[in-house]
Amino acid sequence: NRIAGWQRDLASYVEVGDFLMAQGNLIGALKRYQDGLTVADRLAKSNPENASWQRDVSISYKKIGDVIAASCPRTSPLSMTVSRSWNGQASLRPGP
């Protein structure tokens with residue numbers, strides 16, 4: 001069924017994103033987490049009463065934030081900026 005497929009997709013995106021994050025591949029991890037957010041959002045919108053799916057959206061945003069935080073060492077000035085395009089996808093790009 002369609003919902004089960006989305007759940008598998010979400011789990012895969014998160015698992016691959018976690019692996020890439022551990023390897024230091026921030027761009028790859030960001031892409032996978034964004035893909036996971038897209039799926040989590042689709043699931044949450046399909047059943048707004050499902051608290052677990054709402055939580056998956058929150059976790060997806062947290063993981064994207066983790067990537068962004070990892071790209072900006074706390075001991076140096078902000079070296080990357082976060083931009084949000086009209087479709088809500090975060091991206092990393094060199095700062096000013």
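Before reading further, recall that the structure is shown in the block above.
Notes on the structure follow. Bear in mind the structure is a predicted one, so any value in this text is a computation, not a measurement. (Residues numbered from 1 in each chain as written. Predicted model: local features only at pLDDT ≥ 70, side-chain atom pairs only at ≥ 80, totals over all residues. Heavy atoms only, no water.)

**Here we look at the packing of helix H1 (residues 2–22) against helix H2 (residues 26–46)**
Condition: Note on geometry: axes are C-alpha line fits, over the in-contact stretch for helices, and angles between N-to-C directions span 0 to 180 degrees. Per the convention used, a helix needs a DSSP run of H or I reaching at least four residues, while a strand needs a run of E reaching at least two, with both numbered from the N terminus. Relative orientations are named as follows: roughly parallel for angles under 35 degrees, roughly antiparallel for angles over 145 degrees, roughly perpendicular for angles from 65 to 115 degrees, and oblique for any other angle. Crossings are sorted by hand: turned counterclockwise from the far helix by less than a right angle, the near helix makes the crossing left-handed, and turned clockwise it makes it right-handed. Two residues qualify as a contact provided that any one of their heavy atoms is within 4.5 Å of a heavy atom in the partner residue. Residue polarity follows a fixed list, in which Ala, Val, Leu, Ile, Met, Phe, Trp, Tyr, Cys and Pro are nonpolar, Asp, Glu, Lys and Arg are charged, and the others, Gly among them, are polar.
Axis separation between H1 and H2 bottoms out at 8 Å; the angle between their running directions is 155 degrees. Comparing the axis directions of H1 and H2 gives the class roughly antiparallel. Taken as a pair, H1 and H2 cross one another with a handedness that is left-handed. Between H1 and H2, the contacting residues are Ile-3, Trp-6, Gln-7, Asp-9, Leu-10, Tyr-13, Val-14, Val-16, Gly-17, Asp-18, Leu-20 and Met-21 on the first element and Leu-26, Gly-28, Ala-29, Arg-32, Tyr-33, Asp-35, Gly-36, Val-39, Ala-40, Arg-42, Leu-43 and Ser-46 on the second. Grouping the amino acids of the contact of H1 with H2 by side-chain chemistry returns 14 nonpolar, 5 polar and 5 charged.

**Remarks on the environment of Ala-40**
Within the secondary structure, Ala-40 sits in helix H2. Sequence separation of Ala-40 and Ile-59 is 19 residues, and the distance between their C-alpha atoms is 9.2 Å.

**Considering helix H3 (residues 51–70)**
Just so we agree on the cut-off: Helix span, expected: 1.5 Å multiplied by one less than the number of residues in the helix. Think of it in three bands: residues with accessible area under 20% of the maximum for their type are buried, residues over 50% are exposed, and the middle band is partly exposed, with areas taken using a 1.4 Å probe on protein chains only. The directions considered for the arc are those from the helix axis to the C-beta atoms.
Here H3 contains 20 residues, and its C-alpha end-to-end distance of 29 Å stays within 8% of the 28 Å for a straight helix at 1.5 Å per residue. Looking only at H3, the buried set comprises Trp-53, Asp-56, Val-57, Ser-60, Lys-63, Ile-64, Val-67 and Ile-68. One side of H3 holds all its buried residues, which, seen down the axis, span an arc of 145 degrees. Across H3 from its buried face, at more than 90 degrees, point the exposed residues Ala-51, Arg-55 and Lys-62.

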